[in-house]
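# Residue-level structural notes
Given next are the chains, with one letter for each unit.
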Amino acid sequence: MTVQDDTATGELEVWIDQDLCTGDGICAQYAPEVFELDIDGLAYVKDADDELRTEAGATVPVPLPLLKDVVDSARECPGECIHVRRAADGVEVYGPDAD
């Protein structure tokens, strides 16, 4: 399956459901600019200033050059906890709740 060009429909954002995170770190391997494991062993998203967003449901924009890496992270995540959605309408385009 290929990465679709969903940027035509607007900006994408990503978030992690820490309740489902298994702490494997696959996301941080694929896209270390977007994901990082915290001292609690769970993955979180990082903003453009490299600040970890640890609040529940925190989202960050998906930089277009990293879209494939973020999508691969969502697809390979054993916890199925990475959600990529359109910022404009909240529709999940990659992740466990995507159609």
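Below: a short report on this structure. Only a predicted model underlies this, so the values are computations on that prediction, with no experimental measurement involved.

On a plain count of helices and strands, the protein chain comes out with two helices and seven strands. Counting helices and strands in the order they occur from the N terminus, the protein chain gives β-α-β-β-β-β-α-β-β. The contacts in the protein chain between residues at least 6 apart in sequence include a share of 56% that link residues at least 24 apart. Carbon and sulfur atoms make up 46% of the accessible area of the protein chain, which amounts to about 5,600 Å² in all.

If you walk across this open sheet you meet the three strands as E2-E3-E4, and the pairing is antiparallel. Single-partner strands in this sheet number two, and they are strand E2 (35-37) and strand E4 (52-53). Pairing analysis gives three bridges linking E2 to strand E3 (residues 43-46), with the strands arranged antiparallel. Along E3, the bridge assignment pairs leucine 37 with alanine 43.

Here we take up the pattern of salt bridges. Tallied over the full model, the rule gives six salt bridges. Among the charged side chains, a network of salt bridges with common partners joins Glu36, Lys46 and Asp50.

Moving on: the nonpolar core. In this structure, Val14, Val34, Phe35, Val70, Ile82 and Val84 are the most contacted members of the largest nonpolar core, which totals 23 residues. Of the residues forming this core, the biggest block, four residues, is contributed by helix H2 (residues 67-76). Discounting residues that sit within four places of it in the chain, valine 70 has contacts with Val14, Ala31, Val34, Phe35, Val62 and Val84.

The next point concerns the side chain of glutamate 92. On the secondary structure map, glutamate 92 appears in strand E7 (residues 92-94). This buried residue, glutamate 92, is left without a salt bridge; arginine 85 holds the nearest opposite charge, at 6.6 Å. Looking at glutamate 92, its side chain comes within polar contact range of the side chain of histidine 83, at 2.7 Å. What glutamate 92 contacts, discounting residues up to four positions off in sequence, is His83, Val84, Arg85, Asp97, Ala98 and Asp99.

Thresholds, definitions, all that
- Residues numbered from 1 in each chain as written.
- Predicted model: local features only at pLDDT ≥ 70, side-chain atom pairs only at ≥ 80, totals over all residues.
- Heavy atoms only, no water.
- Helix = DSSP H or I, 4+ residues; strand = E, 2+ residues; numbered from the N terminus.
- Contact = heavy atoms within 4.5 Å.
- Areas by Shrake-Rupley, 256 points an atom, 1.4 Å probe, with all protein chains shown as cover.
- Pairing = 2+ DSSP bridges.
- Salt bridge = Lys/Arg side-chain N within 4 Å of Asp/Glu carboxyl O.
- Core = buried A, V, L, I, M, F, W, Y, C linked by side-chain atoms within 4.5 Å.
- Buried < 20%, exposed > 50% of the residue type's maximum accessible area, 1.4 Å probe, protein only.
- Lys, Arg positive; Asp, Glu negative; His and termini not counted.
- Polar contact = N/O pair within 3.5 Å; in protein donor to acceptor, adjacent residues only side chain to side chain.

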